[in-house]
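Summary of the model geometry
Letter by letter, the chains look like this.
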Amino acid sequence: MDLSGFIAQLLNGLASASSLFLVAVGLSLIFGVTRIVNFAHGSFYMLGIYIAWSCVEHLGSTIGFWPALLLGALAVGVIGAIVELILLRRIYHAPELFQLLATFALVLIFRDAVLWLWGPAELLGPRAPGLSGSVPILGRAFPVYDLFLIVVGPAVLLALWLTLTRTRWGTLVRAATQDRDMVGALGVNQAWLFTAVFALGALLAGLGGALRLPSEPANLEMDLHTIGAAFVVVVVGGMGSIPGAYVAALLIAELKAICIWLGLVDVFGVRISFSHLTLVVEFLVMAIVLVVRPWGLMGRPQPPTRNIGMIEQPLRAPDKLFKAAIAALLLLLATLPALSAQSPYTLVLAIDLLVAALFAVSLHFIMGPAGMHSFGHAAYFGLGAYGAAMLVRTAGLPMEVALVLAPLAAAAGALLYGWFCVRLSGVYLAMLTLAFAQITWAIVYQWNDVTGGSNGLTGVWPADWLSDRRAYYYLTFVFVAAGVLLLWRFLYAPFGYAMRATRDSPLRADAIGIDVRHVQWAAFVVAGLFAGIAGALFAFSKGSISPEGLYVTKSIDGLVMVLLGGLNTLSGGMVGAVSFTWLHDAVARNTEYWRAMLGAIILILVMLFPQGIAGFVRQIVQGRRVDPGTALPATAGVAGERGLSGGTQ
């Protein structure tokens, strides 16, 4: 193989590592101090490149290219400070999942704001003055600007290290990463310290975006693509570790560069395309690191969070009012085809709502009662959908048989992935579920001969007796109703009580003889099975399935559904699924900027009903009044022993 090509790819990896580090280090800094899992951090990166483009276009001739570039990064820092002051400061004492939902709403708002201001077309900035052209390295031309980027990463790392170790402000930041409440007790203005840290993190993300302007076009997909890679770098390096972020960025970028250099390789007569691994290499690295070293390469166990939220009420048998409401809902759903005879689209939307409800309830099953937060639940939805499609198309089985067998593929995936995931907790467990989901997506996306690749599988239609939309609606209604009722029944069985015991106090559960890991593992499999049922129903309702059914955005949708409905309420997943899906459909059909409107609605809902829509309704019905300042989403476990929310029971 060509040595000069190998060196060139390593240098490309160093340049990519610097850009990735600038984004990831800001995210790591923010999490280390504020404990906010900031999903909007990728939006700051995107804003950085767009604002830098405007500054260069309109002010570059006056103040120069480089000052205009830095001005764009500073503007993003100011935006970050405003976001912290107006929104995030109000939810610092909320569980992390509540904060995640708020920052996800910001992603939607920022995406449409960029679309409105700059339009949908890609924007490419001018060449950097003095750094255009290339230099020969081992006979190959290498861009001068990439050499500049290689230097930027270590320079920023050194500057941050000096700031954090040689200044009083840096000492306060390091102290806040250890015990932020103690810092406040010592008289430090904690609020302004958080604002400064958040603004610095946003500025670094904006700088990372701005510095990509001469070499990469600005586009509307940069936010989600960037935040995924940034999360991976932060988790692999260790949450809150700045040197760890640089080491992880370097490791992942260089592995990608090596995969590109290897290209197609013959291994024992089999041609393997290593270049395709670039889609998933970071998630492979994250999965391996978290399995071997659960707190990252240079991280350490996080201190317990004190964001306890509302204390969850004991689980009681449904009262007469709840049973009457369920009966009325089932009656309404059973008569819906007759009520909507003049509107065929109503049944299409109703099927989507039912499928979304089962998917969300299956996710709530492991998030709420089991206390395990999953960022990759779409993997089991997709496995069920692809299993159904392949059983019909490849194996030639009848649709009825495929619908029964397909969820077993999802259960098998949950059985395999869950064995590794239940060994972790908190954000590390959540990120490992994301890693496995993205690995599954990459396999499906690239296995053209079996899964159809990016085109997916088509021609997956129901049996003839279900060709009428009303008949398929009733089939979906029966499966979803039975699935939801079975999941609720699990919670009142001994298994459900054991599952909640492992969530509330794993140490005490273990002391009384409950096998904590096996109970959590079983919960993973059960949730995966029912998510697979939802996926199979979805595939037959649409007649096709594509890799988008396994992508991270599908998992995020499920997460939003659960949190919007209420993590502390058994009906929260169902209420959230119906609310989110209906809002998405209604808003998207009425405005071009539906993301911003949907994000604003989500923000309003989480601020007005922080315990979730279903939790709010339950409080109204039960006649209880809760202080809005403390009525936050239910926790999912004892601090230090449970998942992201880490509250007490």
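Use the structure listed above.
The paragraphs below set out a description of the structure included in this document.

A short note on the overall build of the chain
- Counting its secondary structure elements, the chain contains 24 helices and six strands.
- Here the C-alpha radius of gyration of the chain, 25 Å, is about what a compact globule of 649 residues would show, namely 26 Å.
- The dimensions of the chain, computed from C-alpha atoms along their principal axes, are 75 × 65 × 50 Å.
- Put simply, the chain has 649 residues, and 56% of those count as buried.
- Of the roughly 26,700 Å² that the chain leaves accessible, carbon and sulfur atoms contribute 67%.
- Of the side chains in the chain, 36 bear a positive and 31 a negative charge, and the two mean positions are spaced by 9 Å.

Focus: the pattern of salt bridges
- With the rule as written, the count across this model stands at nine salt bridges.
- For Asp223, the salt bridge is made with Arg111, and the minimal N-O distance between the two is 3.0 Å. Residue Asp223 is located in helix H8 (residues 222-237), and its partner Arg111 is located in helix H4 (residues 96-118); the two are separated by 112 residues in the primary sequence.
- We classify Asp223 as buried; its relative accessible area is 1%.
- Given the relative accessible area of 9%, Arg111 is considered buried.
- If you follow the salt bridges from partner to partner, you end up with Arg111, Glu221 and Asp223 in one network.

Some details on the nonpolar core
- Counting 216 residues, the largest nonpolar core has Tyr50, Met286, Phe365, Met431, Phe540 and Ile602 as the members making the most contacts within it.
- The leading source of residues in this core is helix H12 (residues 344-367), at 15 residues.
- Not counting residues within four places of it along the chain, the set of residues in contact with Met286 comprises Val232, Val235, Val236, Met431 and Ala435.

Examining a nonpolar patch on the surface
- On the surface, Val78, Ile82, Leu85, Ile86 and Trp192 cluster together to form a nonpolar patch covering roughly 490 Å² of accessible area.
- The element best represented in the nonpolar patch is helix H3 (residues 65-86), accounting for four residues.

Thoughts on the packing of aromatic side chains
- Taken as a whole, this structure holds 23 aromatic pairs when the rule is applied.
- Ring geometry for Phe44 versus Phe198: centroids 6.0 Å apart, planes at 85°, classification edge-to-face. Pair noted here: Phe44 is in helix H2 (residues 41-63) and Phe198 is in helix H7 (residues 190-210), with a separation of 154 residues, a long-range link.
- What makes Phe44 buried here is its relative accessible area of 0%.
- Each residue in the set Tyr380, Tyr417, Trp419, Phe420, Phe436 and Phe524 is aromatic and connected to the rest through ring pairs, giving one cluster.
- Sitting above the plane of the Tyr497 ring, Arg500 keeps its charged end 4.6 Å from the centroid.
- In this structure, Lys554 packs its charged tip against the face of Phe538, placed 5.7 Å from the ring centre.

Considering the pairing of strand E1 (residues 134-137)
- Pairing geometry for E1 and strand E2 (residues 140-143), over four bridges, is antiparallel. From the neighbouring strand, Ser134 faces E2, where its bridge partner is Pro143.

Side note on the environment of Leu507
- With respect to the helices and strands, the residue Leu507 is situated in helix H19 (residues 506-511).
- Under the relative-accessibility criterion, Leu507 is labelled exposed at 60%.
- Along the chain, Leu507 and Val37 lie 470 residues apart, while their C-alpha atoms are 27 Å from each other.

Brief notes about helix H21 (residues 552-565)
- Helix length check: H21 (14 residues) gives 20 Å between terminal C-alpha atoms against 20 Å at 1.5 Å per residue, within 8%.
- Buried residues dominate H21, accounting for 10 of its 14 residues.
- Here H21 has its buried residues at Ser555, Ile556, Gly558, Leu559, Val560, Met561, Val562, Leu563, Leu564 and Gly565.
- Just downstream of H21, Gly566 is the residue with a positive phi angle, here 125°.

A short note on the side chain of Ser18
- With respect to the helices and strands, Ser18 occurs in helix H1 (residues 3-34).
- On the accessibility criterion, Ser18 (2% relative accessible area) is buried.
- If we ignore the near neighbours within four places in the chain, the residues touching Ser18 are Leu149, Ile150, Gly153 and Pro154.

Here we look at the packing of H3 against H7
- Orientation of H3 relative to H7, taken along the N-to-C sense of each, is 145°, at an axis distance of 7 Å. In terms of crossing hand, the pair formed by H3 and H7 is right-handed. Contact residues: H3 offers Leu69, Leu70, Ala73, Leu74, Val76, Gly77, Gly80, Ala81, Glu84 and Leu85, while H7 offers Ala191, Trp192, Phe194, Thr195, Phe198, Ala199, Ala202, Leu203, Gly206, Leu207 and Ala210.
- The residue inventory of the contact of H3 with H7, partitioned by class, reads 16 nonpolar, four polar and one charged.

A look at the environment of Gly228
- For Gly228, the position within the fold is in helix H8.
- Gly228 sits in the buried class, given a relative accessible area of 17%.
- Between the C-alpha atoms of Gly228 and Glu282, which are 54 residues apart in sequence, the distance is 9.5 Å.

A closer look at helix H14 (residues 399-421)
- Spanning 23 residues, H14 covers 33 Å between terminal C-alpha atoms, matching the ideal 33 Å at 1.5 Å per step.
- For H14, the full list of buried residues reads Met399, Ala402, Leu403, Ala406, Pro407, Ala410, Ala411, Gly413, Ala414, Tyr417, Gly418 and Cys421.
- Buried residues along H14 sit in contact with helix H13 (378-393), helix H15 (426-446), helix H17 (469-492) and helix H20 (516-542).

Structural notes on the environment of Arg423
- Mapped onto the fold, Arg423 is located in the loop between H14 and H15.
- The exposure class of Arg423 is partly exposed, given its relative accessible area of 34%.
- Each C-alpha atom of the pair Arg423 and Leu329 lies 39 Å from the other, and the pair is 94 residues apart in sequence.
- Within polar-contact distance, the side chain of Arg423 engages the backbone oxygen of Trp419 at 2.4 Å.

Details of the packing of H14 against H20
- One way to put it is that H14 packs onto H20 with a least axis distance of 7 Å and a crossing angle of 145°. Remark: the crossing between H14 and H20 carries right-handed chirality.
- Along the lines of polarity and charge, the residues of the contact of H14 with H20 split into 20 nonpolar, three polar and no charged.

A look at the side chain of Ser579
- Mapping Ser579 onto the fold places it in helix H22 (residues 572-588).
- A polar contact is formed between the side chain of Ser579 and the backbone oxygen of Val575, at a distance of 2.8 Å.
- In this structure, Ser579 is in contact with Leu564 and Ile613, ignoring residues within four places of it in sequence.

Here is what the cut-offs are and how they apply
- Residues numbered from 1 in each chain as written.
- Predicted model: local features only at pLDDT ≥ 70, side-chain atom pairs only at ≥ 80, totals over all residues.
- Heavy atoms only, no water.
- Helix = DSSP H or I, 4+ residues; strand = E, 2+ residues; numbered from the N terminus.
- Rg over C-alpha atoms; globule rule 2.2 N^0.38 Å.
- Buried < 20%, exposed > 50% of the residue type's maximum accessible area, 1.4 Å probe, protein only.
- Areas by Shrake-Rupley, 256 points an atom, 1.4 Å probe, with all protein chains shown as cover.
- Lys, Arg positive; Asp, Glu negative; His and termini not counted.
- Charge placed at Lys NZ, Arg CZ, Asp CG, Glu CD.
- Salt bridge = Lys/Arg side-chain N within 4 Å of Asp/Glu carboxyl O.
- Core = buried A, V, L, I, M, F, W, Y, C linked by side-chain atoms within 4.5 Å.
- Contact = heavy atoms within 4.5 Å.
- Patch = residues over 30% accessible without salt bridge, like charges linked within 9 Å, V, L, I, M, F, W, Y side chains within 5 Å.
- Phe/Tyr/Trp six-rings, centres within 6.5 Å; stacked < 30°, edge-to-face > 60°.
- Lys NZ or Arg CZ within 6 Å of the ring centre and 35° of its normal.
- Pairing = 2+ DSSP bridges.
- Expected span 1.5 Å × (residues − 1).
- Axes fitted to C-alpha atoms, helices over the stretch in contact; angles between N-to-C directions.
- Left-handed = near helix turned anticlockwise from the far one by under 90°.
- Nonpolar A, V, L, I, M, F, W, Y, C, P; charged D, E, K, R; others polar.
- Polar contact = N/O pair within 3.5 Å; in protein donor to acceptor, adjacent residues only side chain to side chain.

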